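Topology and contacts: notes
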Amino acid sequence: MQEKLIILDFGSQTTQLIGRRVREMNTYCEIVPYNKFPAGDESVKGVILSGSPFSVYDGSAFRAALSDFRGKMPVLGICYGAQLMVHEAGGTVESAGTREYGRANLQGIAPDDELLHGIANGSQVWMSHGDTITVLPQEFRVVASTKEVPNAAYRVDGEQTWGVQFHPEVFHTEIGPALLQNFIRICGCRQDWTPASFVSATVAALRQQLGGDRVALALSGGVDSSVAAALLSRAIGKNLTCIFVDNGLLRKNEFDDVLKSYAHMGLNVVGINARERFYAGLKGVTDPEKKRKIIGKGFIDIFEEEARKLQGVKWLAQGTIYPDIIESLSITGSTIKSHHNVGGLPEKMNLKVVEPLRLLFKDEVRRVGRELGLDETLITRHPFPGPGLGVRILGEVTPQKALMLQEADCIFIQGLRDDGLYHKVWQAGAILLPVQSVGVMGDERTYENAVALRAVLSTDGMTADWAQLPYEFLARISNEIINKVKGVNRVVYDVSSKPPATIEWE
């Protein structure tokens, strides 16, 4: 039985980050909604309560059945999670008056506390809350403070229960890894969850789940679907058929390059050139969501047609990863953008779904890919949107615009590779803007298109900062695009971060 920690999600923007930090310590964990604790699951070794945008005294605040786990296993409450346990036990949580945000330093650390073992007074932590704990319940005792927050960390007597009002999961809390490591040790976790153990366990589970059935997988050329294909291929061999669709919105030469890469992997791949079909469906469409849905439906229709040609296919495989699962279980119900996983096909074709990566974060997928021996160029590819260049051509998509953007994008990406910058950014690409501007080329006045370049730094895509690429590099790439891509006379660089912007423009 796979031991695990449970992270109860109360809606914090950093809940996924808690999970990633725990996973980095070779400890398996699952993020579940605040009201979905798996009571009775003997594999659960401990519980972490996340932060939240709510105040504990709000009528609409999220609540959890704390009695399901408090006193029964180790518990760590972070920010709202810490305040919730105090509030439910009869203590007092009040508005801090002014938001307590930013760096702080711990003081008065209890020398005998297990959670804070090895952590020194003066250690930097990161605060981010508008409420604060003012009165602790009788059985709760302070184990650390800061200058502004007297009850920065507490322990419940007679239980392995702690609460901290700072965020150990964020980079600016220097002692965060040590604190989380201490909690994992308190939980008694073996810390043996590695890429190798994941591959071994997953291949065995896939063989048992699929037996001799045939499986069809929709390949995108990205790392997620490639690693999923490699895992399935190791488990069921030639019973796997991969379908790779060229929608005319891939990067320059990507269709041929990716097919060659998959051939080296020994995969059974069917390549479909459907460019004209997608261009026809997108003609005259400018709304971003409509474009996404048209592209998504196009993939579904083509995949259905090709899968029906395969005899005896019973399973649909997808490269779904853990953030996709978490976001689909969003407790706030908000949608940032729609995706085009081939949903609807399982019911329509009476197929069952298999998602071998559904429990992995992106960085874990890459580590598993290396364990499987995938080519490094596949593993380290930047994330690329499912609708491809369809959401990087603002406004109507046409074959001419797609060709123009492919050329500009190729110059930018190859330039990053040539200058050793590609692996220093999380994601990069060019965007064709729906505006034209005046220029002078030679002795002639021009009125042509503008291209925006976008490069961001991130760890998981949930937040991102714009990459400060060298001016000399940007100047050279701008000059090369304008000189070589017919129809472009202006290049700009996007210096927006996420939030408030998103990584993609549509």
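Notes on the structure in this doc start here.

Rules of the game
Residues numbered from 1 in each chain as written. Predicted model: local features only at pLDDT ≥ 70, side-chain atom pairs only at ≥ 80, totals over all residues. Heavy atoms only, no water. Core = buried A, V, L, I, M, F, W, Y, C linked by side-chain atoms within 4.5 Å. Buried < 20%, exposed > 50% of the residue type's maximum accessible area, 1.4 Å probe, protein only. Helix = DSSP H or I, 4+ residues; strand = E, 2+ residues; numbered from the N terminus. Contact = heavy atoms within 4.5 Å. Pairing = 2+ DSSP bridges. Axes fitted to C-alpha atoms, helices over the stretch in contact; angles between N-to-C directions. Expected span 1.5 Å × (residues − 1). Polar contact = N/O pair within 3.5 Å; in protein donor to acceptor, adjacent residues only side chain to side chain. Salt bridge = Lys/Arg side-chain N within 4 Å of Asp/Glu carboxyl O.

**Observations concerning the nonpolar core**
With 47 residues, the main nonpolar core has F412, L416, L453, L469 and I481 as its most contacted residues. Here this core gets 8 residues from one element, more than from any other, and that element is helix α13 (residues 399-418). Residue contacts for F412: discarding those within four places in its chain leaves A428, G429, A430, L453, R454, A455, L469, F473 and I477. Within the second largest apolar cluster, 40 residues are counted, among which are V22, A144, L180 and C189.

**Details of the environment of A39**
Positionally, A39 belongs in the loop between β2 (29-33) and β3 (44-49). Residue classification places A39 among the exposed residues on the basis of a relative accessible area of 53%. With 29 residues separating them in the primary sequence, A39 and D68 have C-alpha atoms 6.3 Å apart.

**Remarks on the sheet that holds strand β11 (residues 240-246)**
Reading across from one edge, β12-β11-β10-β13-β14 is the order of the 5 strands in this open sheet, with parallel pairing throughout. Edge positions in the sheet fall to β12 (269-273) and β14 (352-354), since each has one partner strand and no second. On average, each strand axis in the sheet is inclined to that of its neighbour by 30°, with strand direction left out of account. Here strand β10 (residues 214-219) runs beside β11; their pairing, made up of 5 bridges, is parallel. Across the sheet, residue A218 finds its bridge partner in β11, namely I243.

**Some thoughts on helix α8 (residues 288-309)**
Owing to its 3.6 residues per turn, the α-helix brings residues three or four apart onto one side. Helix length check: α8 (22 residues) gives 32 Å between terminal C-alpha atoms against 32 Å at 1.5 Å per residue, within 8%. Of the residues flanking the start of α8, the one acting as N-cap is D287, its side-chain oxygen 3.2 Å from the backbone nitrogen of E289.

**Re the environment of R207**
Structurally, R207 can be placed in helix α4 (residues 195-210). Distance from R207 to A235, taken between C-alpha atoms, is 5.6 Å for residues 28 residues apart in sequence.

**Digging into the pattern of salt bridges**
Summed over all chains, the structure comprises 29 salt bridges. E304 is the salt-bridge partner of R308, the closest N and O atoms lying 3.1 Å from each other. Within this pair, R308 and its partner E304 are both found in helix α8, separated by 4 residues, close to a single helical turn. Between E504 and R392 there is a salt bridge, with the nearest N and O atoms lying 2.8 Å from each other. Here E504 is found in the segment after β18 (488-493), whereas its partner R392 is found in the loop between α12 (376-379) and α13, with 112 residues between them in sequence. Pair check on accessibility: E504 and R392 agree, each one buried.

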